[in-house]
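# Coordinate inspection notes
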There are 2 protein chains.
Amino acid sequence: MHPHDMSSASPWRLAERAETMNPSAIREILKVTERPGILNFAGGLPSPETFPVEAMRAACATVLAEGSTIAKPALQYAASEGLAELRTWVAAEMAKQGAHVSPDQVLITTGSQQGLDLIAKVLLDKDSPLLVETPTYLGALQAFAPMQPTIDSVASDDEGVQPEALRAQLAASPAAGGQRPRFMYLLPNFQNPTGRTMPEARREAVLAVCREHGLPIVEDNPYGELWFDQPPPAPLLARWPEGVIYLGSFSKILAPGLRLGYVIAPPALFPKLLQAKQAADLHTPGFNQRVVVEVLKNNFLDRHVPTIRALYKSQRDAMLAALGKHMAGLDVQWTQPVGGMFVWVRLPEGVQASALLPQAVEAGMAFVPGAPFYAHAPDPRTLRLSFVTSTVAQIEQGMAALAKVVRAAAGGG
Amino acid sequence: MHPHDMSSASPWRLAERAETMNPSAIREILKVTERPGILNFAGGLPSPETFPVEAMRAACATVLAEGSTIAKPALQYAASEGLAELRTWVAAEMAKQGAHVSPDQVLITTGSQQGLDLIAKVLLDKDSPLLVETPTYLGALQAFAPMQPTIDSVASDDEGVQPEALRAQLAASPAAGGQRPRFMYLLPNFQNPTGRTMPEARREAVLAVCREHGLPIVEDNPYGELWFDQPPPAPLLARWPEGVIYLGSFSKILAPGLRLGYVIAPPALFPKLLQAKQAADLHTPGFNQRVVVEVLKNNFLDRHVPTIRALYKSQRDAMLAALGKHMAGLDVQWTQPVGGMFVWVRLPEGVQASALLPQAVEAGMAFVPGAPFYAHAPDPRTLRLSFVTSTVAQIEQGMAALAKVVRAAAGGG
């Protein structure tokens, strides 16, 4: 809504930034897919089968037990930084991945989405340049948008952003009076939406360009634990501690309904992020933090996360097999994710994903068109499939349905 | 920290707004008060005695029970608007107070502090004028600050903002090219920090000026249910539905550690607030919403809230009695709150609250100096006392200690 669209009788006047705020494109698309009985590959949700209900039940009972000394602290206001036990746990986990940070650098957030909001507030002025992958996580574009930055996409391939393209872009823009980008936003592991992962060599090559140009990085890693055969290469944070802000989440390894994530920031930035956090919601729910500290005891995740990996791997296998079988003979490409939740598909020339969606829904399956994930120049032939909330049989059936409508659209028959 | 203070080797550059972000003044002050054994009247926390631990335990057990059909939905991603049952409950509660709103106007937020952040994003541009009470809630000033508005204080007395002062201020400023304030932020009930309440006549008088000048209102009501003898007058929302955004909270009637609040907005503004909410943290923790829906069943609050009122009233009585007794003969004034958590004190001429604090701490008690609660021209003689986290005996002892240091500072002896 444009401010001038408000009734002249209305006393409200919107901020300029509110003009760019509109119900998410994806939200609107997903409404199309909400038909009973549809095979839904459009969502970005983890599988509810993986939610640790029993462990949560036990943890809540412990926190709230009669005589519990933590029941009332769990229900009281708490520190904006987050619970010390949880910050310490995060630092210890990061150390296992080669990133040595102090718990004092860990800010517990209301989901990692909030981390993106806080980073935008602290680092982005109006018209600040900012770099993202092609394509990138739609929610990050939404979180950055209210601060009105100028977003540029860096050319990317199956291994993430291309170092030479990045170098050329940095060399070209800030020469005379132009601003250096405030940061580059990257999802190195099993990226949403493409499922791709930055290999070791690509991480080093991209970092070399970033260091050379003093371009800091916001590294978002919600899916890193969901690897299928081997862990991904060490995080960027481990390689350039002073140049990387790192975002992590409990949404994919425990449950998103808790809204628990974290930001790890260089010591010089931490106080600003903390102040933004305090202004935004005072603190992340202390009850949820206490419950998760209980859940994490006795190395719970060491037993729990492998079950998620095994489930998602079987679903990934089913999807790749079904795509191979049903797309045979069609000019359709797809990624080969080695972890995470998503496969990214490119349709034959002349077939647009958004135009295909109603036909797919008619045929009983749904996907998300890829266009909203691009900051610029969307490739209209792309679409995202989630493999984690469907059974192997549903995946087989869904890919058959998708292939059928692609074949009809591509072959004209 | 000024951006130029960052080491020249640092790749980070801060947003302009981050320069105004600093650890809260209150936070720093409270550190002084964190000594073992101190009688602490400085906090803004509700009494943990009032937290419904047993009801929470039962609700968590129900939500997460074996075979529960809501366990997995409670742990999954959820709608940005909030849970339908909770939105409906809020609308029904508002109807009891004479404000008839649709559940579609209710946005569930991660505490009502988040409501302030979302309102700032949607309604405030850089340099947008904005009006607040004298003094006002510090957390609101912090939530609005990142959007860089120009904040003006309206002269206020024991009944809230003064209508004639408001009228004069509105008539003076926007005459030639000046902008109309985007809104006025008010806490009509048992205000933080003063404890004062806007009486019926004052509400009508202030609203008349607002309607006349097309000045909308953000009405913050975290304490409204905590009345001691009779409910406060009907909310401003009930009187001017299209001109008021209303903020409510579960923090003071259940527990703040859940971080559950809500915003009620006119239908034209709701989609913008919703989009800002989605970008900020996707949604308020669904688990917490489901648990609170369980807690609220069978009119739990009808039995629970009266126990909070009775406790706080006895503590308010004790504080007013102790102040009357120990401050006798001193030129000290204080408010007479009829609900809420706070008494506001004005020290004798020449005695500054911030200078007195170390002496008070030395004498075994702590308060918060009033200065940080003023947007402009703080009255250095003011301080805030919370009466809800101390026993009657502690209140008596604490006020005696305060009076002793005031007497020494005022009388020079």
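Note that the structure is predicted; figures quoted are calculated from it, not measured.

### So, the relation of the copies chain A and chain B
Structural alignment of chain A on chain B gives an RMSD of 0.1 Å, achieved by rotating through 180° and translating 0.0 Å along the axis. Here the transformation between the copies is reduced to the relation of a two-fold axis. It is Cys-60 of chain A whose C-alpha, among those of chain A, lies nearest the rotation axis, at 3.3 Å. A shared binding surface is used by both copies, with 100% of the interface residues of chain A retained as interface residues in chain B.

### Some remarks on the environment of Leu-258 of chain B
Tracing the sequence through the fold places Leu-258 of chain B in the loop between strand 9 (244-249) and strand 10 (261-264). Between the C-alpha atoms of Leu-258 of chain B and Gln-230 of chain B, which are 28 residues apart in sequence, the distance is 28 Å. Setting aside chain neighbours within four positions, we find Leu-258 of chain B in contact with Pro-285 and Phe-287 of chain A together with Phe-250, Asn-288 and Val-292 of chain B.

### Focus: the domain arrangement of chain A
All names here are of chain A. Annotation of chain A at the domain level lists domain 1 (3-52 + 303-411) and domain 2 (73-300). Between domain 1 and domain 2, the C-alpha centre-to-centre distance is 24 Å. Among the elements of the structure, helix 12 (300-326) and strand 12 (342-346) are those that each provide at least two residues to the side of domain 1 that touches domain 2. A total of eight residues in the side of domain 1 that touches domain 2 trace back to one element, the largest contributor, which is helix 12. Of the residues in the side of domain 1 that touches domain 2, the class split is 18 nonpolar, nine polar and six charged.

### Thoughts on the interface of chain A and chain B
The partner chain B presents 70 residues to the 70 residues of chain A that form the contact. Those elements that provide at least two residues to the side of chain A that touches chain B are helix 2 (53-63), helix 3 (71-75), helix 5 (112-123), helix 6 (138-144), helix 10 (270-281) and helix 11 (286-296) of chain A. When residues in the side of chain A that touches chain B are grouped by element, the largest group, eight residues, is from helix 10 of chain A.

About the thresholds
Residues numbered from 1 in each chain as written. Chains lettered and ligands numbered in written order. Predicted model: local features only at pLDDT ≥ 70, side-chain atom pairs only at ≥ 80, totals over all residues. Least-squares fit on C-alpha atoms with pLDDT ≥ 70 in both. Contact = placed C-beta atoms within 7 Å. Helix = DSSP H or I, 4+ residues; strand = E, 2+ residues; numbered from the N terminus. Domains from an automatic or database assignment. Nonpolar A, V, L, I, M, F, W, Y, C, P; charged D, E, K, R; others polar.

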